[in-house]
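Architecture at a glance
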Amino acid sequence: MKKTVFFLAYFFCIALLSAQKPVTKETILEKVQETDPYLRETRGYLHEHPEVSGKEFETARFIQAEIERLGLPVTKVPGTGFYAILDTHRPGKTIGLRADIDALPITENPFNLNQKKRRISQNEGVSHACGHDGHVAILLGAIRILNDLQARLTGKIIFIFEEGEETNSGINAMVEALRPLKIDAIYGNHLRSSLNTGEIYIQEGAIMAGTGTIAFDVVGRGGHASRPDLSINPVFAAANVLTGISIAWNNQRDVTKTLTLGISQIQGGEIYNVIPNSVFIGGTIRFFDLSEGEKGFSILRKVSESIAQAHGCSVEFHDKMGIAMGPVVNDTTLARFARNAVKELYPDKVLSGEQYIWYAAETFARYSELAPTLFTFTGIGNDSLGSGAEHHNDRFDLDEDALSYALGAMVQFAVKFLNL
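Position numbers for residues start from 1 in each chain and track the written sequence from start to end. Residue-level local features of this predicted model are given only where pLDDT is at least 70; pairs of side-chain atoms are given and counted only at 80 or more, and the full residue set underlies all totals for whole chains, interfaces and linings. Heavy atoms from the whole structure form the basis of all side-chain values; hydrogens and water molecules are not counted.

A look at the packing of helix 6 (residues 234–252) against helix 7 (residues 290–310)
Our working rule: To get an axis, fit a line to the C-alpha atoms, keeping to the stretch in contact for a helix; angles then go from 0 to 180 degrees between the N-to-C directions. Per the convention used, a helix needs a DSSP run of H or I reaching at least four residues, while a strand needs a run of E reaching at least two, with both numbered from the N terminus. Small angles under 35 degrees read as roughly parallel and large ones over 145 as roughly antiparallel, with 65 to 115 read as roughly perpendicular and the rest as oblique. Throughout, a crossing is termed right-handed when the near helix is turned clockwise from the far one, and left-handed when it is turned anticlockwise from it by less than a right angle. We call two residues contacting when some pair of their heavy atoms lies within 4.5 Å. In the scheme used here, Gly and all other residues not listed as nonpolar or charged are polar, with Ala, Val, Leu, Ile, Met, Phe, Trp, Tyr, Cys and Pro taken as nonpolar and Asp, Glu, Lys and Arg as charged.
Axis separation between helix 6 and helix 7 bottoms out at 9 Å; the angle between their running directions is 140°. On the basis of their axis angle, the class for helix 6 and helix 7 is oblique. Considering only the axes of helix 6 and helix 7, their crossing is right-handed. Between helix 6, through Ala 237, Asn 240, Val 241, Gly 244, Ile 245, Ala 248, Trp 249 and Gln 252, and helix 7, the contact on the second element is made entirely by Lys 295, Gly 296, Ile 299, Leu 300, Lys 302, Val 303, Ser 304, Ile 307 and Ala 308. For the contact of helix 6 with helix 7, the class distribution of residues is 10 nonpolar, 5 polar and 2 charged.

What about a nonpolar patch on the surface?
Basically, it comes down to this: Patch membership needs two things, relative accessible area over 30% and no salt bridge, and members are linked within 9 Å if like-charged or within 5 Å if nonpolar (Val, Leu, Ile, Met, Phe, Trp, Tyr). Only the protein chains shown count as cover for residues, and all accessible areas are computed by the Shrake-Rupley method using a 1.4 Å probe. Salt bridges are counted wherever a side-chain nitrogen of Lys or Arg sits within 4 Å of a carboxyl oxygen of Asp or Glu. A 1.4 Å probe rolled over the protein chains alone gives each residue an accessible area, and that area as a share of the maximum for its type sets the label: buried under 20%, exposed over 50%, partly exposed in between.
Residues Ile 271, Tyr 272 and Val 274 make up a contiguous nonpolar surface patch of about 370 Å² in total accessible area. Counting through the fold element by element, Tyr 272 comes out in the loop between strand 10 (259–267) and strand 11 (274–275). What makes Tyr 272 exposed here is its relative accessible area of 77%.

A short note on helix 7
Our working rule: The length a helix should cover is 1.5 Å for every residue beyond the first. Each direction from the helix axis to a C-beta atom contributes to the arc, which is the arc of those directions.
Over its 21 residues, helix 7 extends 31 Å from the first C-alpha to the last, a length consistent with the 30 Å expected when each residue adds 1.5 Å. Of all the positions in helix 7, only Glu 292, Gly 293, Gly 296, Phe 297, Ile 299, Leu 300, Val 303, Ser 304, Ile 307 and Ala 308 are classed as buried. Considered in projection along helix 7, the buried side chains sweep an arc of 155° and stay on one side of the axis. The inward-facing, buried residues of helix 7 abut strand 8 (210–219), helix 6, strand 10, strand 12 (278–287), strand 13 (314–317) and strand 14 (322–325). Once helix 7 ends, the next one or two residues include Gly 312, with phi positive near 80°.

Concerning the pattern of salt bridges
Enumeration over the complete set of coordinates arrives at 23 salt bridges. The closest approach of N and O atoms between Asp 36 and Arg 40, which form a salt bridge, is 2.7 Å. Pair noted here: Asp 36 and Arg 40 are both in helix 2 (residues 25–48), with a separation of 4 residues, about one helical turn. Beyond isolated ion pairs, a larger network of salt bridges with shared partners links Asp 36, Arg 40, Arg 43, Arg 118, Asp 133, Asp 397, Glu 400 and Asp 401.

Here is the structure:
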């Protein structure tokens, strides 16, 4: 009996000392190095088995099995998204670490910009042409490391696996599922081809654009092309609408604020001798200031309606016309904290500055509804490897050496923030 009590007391003291022992940068770098083969293997598997937004069924099962091997509970949300919680059972902060799990409906080119790719999609017509396979591998690697270190941490970590980032199909359900958990900070990362391998961009403020959808019909009255006077031709009206919008865009918006106009569709008519009833105009706008984005749509609506009316036409705006997603805005305090923390690991790799701001949009913007957020970029571009192709491109590829840098940054942030 005395021996049992002695051993219990001994192991309790060891556990207590372990919990009090700080996690050093040397510890994190060593664990990242040990995890590197797992990162590459996991990313490779996911790359070869991609699934499009909202249909990530096998992807979700694979990830959940990896998590459950570590004994962590998984909570599913409506759709294919889910989260897992690591509870240290010691009071402290709660943080979220997030990855997106979907691929794109793009047939993969077996060659990148320089050579044949090491990993190629086995699912025809679908590929990870944006790096989400790497994001999942990084977060799974972080779970393994943080689970190993949990005796030396406090608080809780929520590992977030989001469905359908490319189509916004999973963000609403995920935000609502996480809302009751009272999270103190949420961290995410994105691999980026325009940065060199291992470069880590950490910047306060807006670092990815908000986006809005342009979608409306210019409606006239169709008829035979031989008697245009008996019709109300929406084709000419639509052409003038586009001209009017472009002129107003240059003269009515604030030139000190970025607001891009990307008209990508004008569709009307099916045959050369029939005037159509309507013409569809579609596209997107991008912005870093929400009020400026809203002003852009005000210009679009006012100009298109006025010009269409001058031609005897009307305008019908689609339900999706308007702001779709706000910009990704990094919390200033978190960004400065993370920049200093990550520099301890990789002093020559951390970048900042507005020149690296990205015009793409991201559903990560929505997590700021729940807590202060931080989104970082890690470079995957390597000219000799050929991994510099633009995202959403069939030649897109990533340098797997970058995965360890992204993993180290994520783990370092989590450890430092929890143990503040």
